[in-house]
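Residue strings, one per chain:
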Amino acid sequence: MRIYSNKWWEQVITSINDGILVIDEFEKVLFINPEYSRITGVGKEIIGKLLSAYRPGAQLPSTLKDGKTRVGVYREINGRAYVVDMAPIEDNGKIIGAVSVCKSINEVKELSNELNKKVRQVIELQEKISTLSSVKYTFDQIITQSAEMIDNKNIAKKIADSNLPVLLIGESGTGKELFSQSIHEASDRRNHPFIAVNCATIPDTLIESELFGYVDGAFTSAKKGGKVGLFEMANKGTLFLDEIGDLSYNVQANLLRVLQEGTVRRIGASTEIDVDVRIIAATHQDLNQMAQKNKFRQDLYFRLNVAHLTIPPLRNRREDIPFLVERFLPPNYRLSKDVMQFLQSYSWPGNVRELKNMLSYASCLADNGIIEMDHLPEVMKNQIIEDNIQTDGTLKSVVASAEARYIKQMLMQYEKNIEGRTLVANNLGISLASLYNKIRKYELE
Ligand SMILES: Nc1ncnc2c1ncn2[C@@H]1O[C@H](COP(=O)(O)OP(=O)(O)OP(=O)(O)O)[C@@H](O)[C@H]1O
């Protein structure tokens, strides 16, 4: 068998990543490695000294005496904390020395602090994801009787389980997010995050870091430790990009790259991260026209416009109004005949959201459970109804239809008594008698 020199063994021990100290049978220190010095702060001056004299409280002399191994003994000297394992060195049953092996706790502490920091970050992210991704809606909650909306629901159900991107087009408050959440809930991504982001409400300078995240030190105001982007948060789930038409051209290019590659690169990072995210985009704008005018990237438009649904405004599906009213009114509340008639003729610029909010407001004012015209918000009553006016037939009948609509609109704004009627007549520039004639003629009451 080959005999290895002392120098050879010394090199082996020197290269070990734990601190090592060896004493002889008389407690005299024979050897320490550089790691021991690094952990304890004790240098080569200890060699040749009696350990208990140089390091009071050391337990290695006890191991020398009783021959017992000691494991995980905690030591803290001059702010340096470490754990020590001790073992006797025997030759033919006789203890001829002892060795101690130590590991720094400062490093373990630092690692544990680092770990705690990461755990806190994960908890923060989980909380953020759960607030961002609280899916409330399913297809059953989309109330409609309109043929166009029923078609939309059927198509949405069919494409839900695919990974196809979806583009939802419709005015504000028509239910685009409702569709988007329902598609997510009906897909096999339902147990993963649904994250909604409104591109119109995030300033241009921040949107990239929101979507793609950044690494530590990416820019001067960057948060320490970096930031996870929404794409990473939505991994395996759905990212709902509302008002996508408001994204700047630059961000559109980066978004397209993520969709094509299936990877994101955090701002300032050199590596890509794989992401598996289904995109549902929504807009009230005509992206096709915007693409033709170079205001929206055509390649991104084609990428997003794979499955598209156009959600009609409420004024074009008035048959839904009574059903939505029933859904949103608190129990034991009802609308007066006037109010129901008004809702049927109103233009609903804020669509279903406006109807829902209006009913909440009015039901607070209606003490006896019956919602009257007086309980409607003033802005609504003042809204000039431009639709539903007859636009074909003889000139006489079209003028009569417009006249009836305008008088009705005026009547709604004033009290239903003589003072109110006088104000209406004055505003219309006609006599009170003439106003009553027109009310009778057009059956406005
Ligand atoms: N068909 C419907 N049945 C029941 N509730 C509806 C329907 N459509 C819309 N809503 C309700 O109206 C409100 C607005 O809907 P939603 O947020 O989905 O609209 P949106 O088109 O995404 O609006 P925006 O573009 O302004 O974000 C929500 O409270 C939603 O629940």
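Residues numbered from 1 in each chain as written. Predicted model: local features only at pLDDT ≥ 70, side-chain atom pairs only at ≥ 80, totals over all residues. Heavy atoms only, no water.

- With an unreviewed UniProt entry as reference, the protein is termed AAA family ATPase, source organism Psychrobacillus lasiicapitis.

1. Thoughts on the pairing of strand β6 (residues 166-169)
Okay, so step 1: Direction of pairing for β6 relative to strand β13 (residues 278-283): parallel, over a ladder of four bridges. Along β13, the bridge assignment pairs Val166 with Ile280.
Okay, so step 2: As defined by bridge partners, β6 adjoins strand β14 (residues 307-310) across four bridges and the pair is classed as parallel. Directly across from Leu167, in β14, lies its bridge partner His308. (Pairing = 2+ DSSP bridges. Helix = DSSP H or I, 4+ residues; strand = E, 2+ residues; numbered from the N terminus.)

2. A word on the site of the ligand
Okay, so step 1: As a matter of local geometry, the ligand sits amid 18 residues, with Ser172, Gly173, Lys176, Glu177 and Lys356 nearest to it.
Okay, so step 2: Between the ligand and the protein, one listed contact pairs an oxygen atom with a backbone N or O atom of Gly173 at 2.9 Å.
Okay, so step 3: The contact in question runs from an oxygen atom of the ligand to an N or O atom on the backbone of Leu178, over 2.9 Å.
Okay, so step 4: Protein coverage of the free-state accessible area of the ligand, which is 640 Å², stands at 89%.
Okay, so step 5: Among the secondary structure elements, those contributing two or more residues to the shell around the ligand are α7 (176-185), α13 (321-328) and α15 (351-365).
Okay, so step 6: Residue composition of the shell around the ligand, by class: seven nonpolar, five polar and six charged.
Okay, so step 7: Here the shell around the ligand spans two domains, and each of domain 2 (133-310) and domain 3 (313-381) adds at least three residues to it. (Near = heavy atom within 4 Å. Polar contact = N/O pair within 3.5 Å; in protein donor to acceptor, adjacent residues only side chain to side chain. Areas by Shrake-Rupley, 256 points an atom, 1.4 Å probe, with all protein chains shown as cover. Nonpolar A, V, L, I, M, F, W, Y, C, P; charged D, E, K, R; others polar. Domains from an automatic or database assignment.)

3. A short note on the sheet that holds strand β7 (residues 194-198)
Okay, so step 1: Pairing is parallel in the open sheet, where five strands are placed in the order β7-β10-β13-β6-β14. At either end of the open sheet lies a strand with only one pairing partner, and these are β7 and β14. Shown here is a sheet whose adjacent strand axes are inclined to one another by a mean of 15°, direction ignored.
Okay, so step 2: Strand contacts of helix α6 (residues 147-160): β6, β13 and β14, with the helix running at about 155° to β14, the strand carrying the most contacts. (Axes fitted to C-alpha atoms, helices over the stretch in contact; angles between N-to-C directions. Contact = heavy atoms within 4.5 Å.)

4. As for helix α18 (residues 418-428)
Okay, so step 1: What α18 keeps buried is the set Gly420, Arg421, Val424 and Ala425. Seen end-on, α18 carries its buried residues on one side only, within an arc spanning 135°. In this structure, α18 carries Glu419 and Asn426 as exposed residues pointing more than 90 degrees from its buried face.
Okay, so step 2: Of the surrounding secondary structure, the elements contacted by the buried residues of α18 are α17 (395-412) and α19 (432-441). (Buried < 20%, exposed > 50% of the residue type's maximum accessible area, 1.4 Å probe, protein only. Arc of directions from axis to C-beta.)

5. Structural notes on a nonpolar patch on the surface
Okay, so step 1: Taken together, the side chains of Tyr4, Trp8, Trp9 and Val12 present a nonpolar region at the surface, about 380 Å² in accessible area.
Okay, so step 2: Structurally, Trp8 is set in helix α1 (residues 6-14).
Okay, so step 3: Trp8 sits in the partly exposed class, given a relative accessible area of 37%. (Patch = residues over 30% accessible without salt bridge, like charges linked within 9 Å, V, L, I, M, F, W, Y side chains within 5 Å. Salt bridge = Lys/Arg side-chain N within 4 Å of Asp/Glu carboxyl O.)

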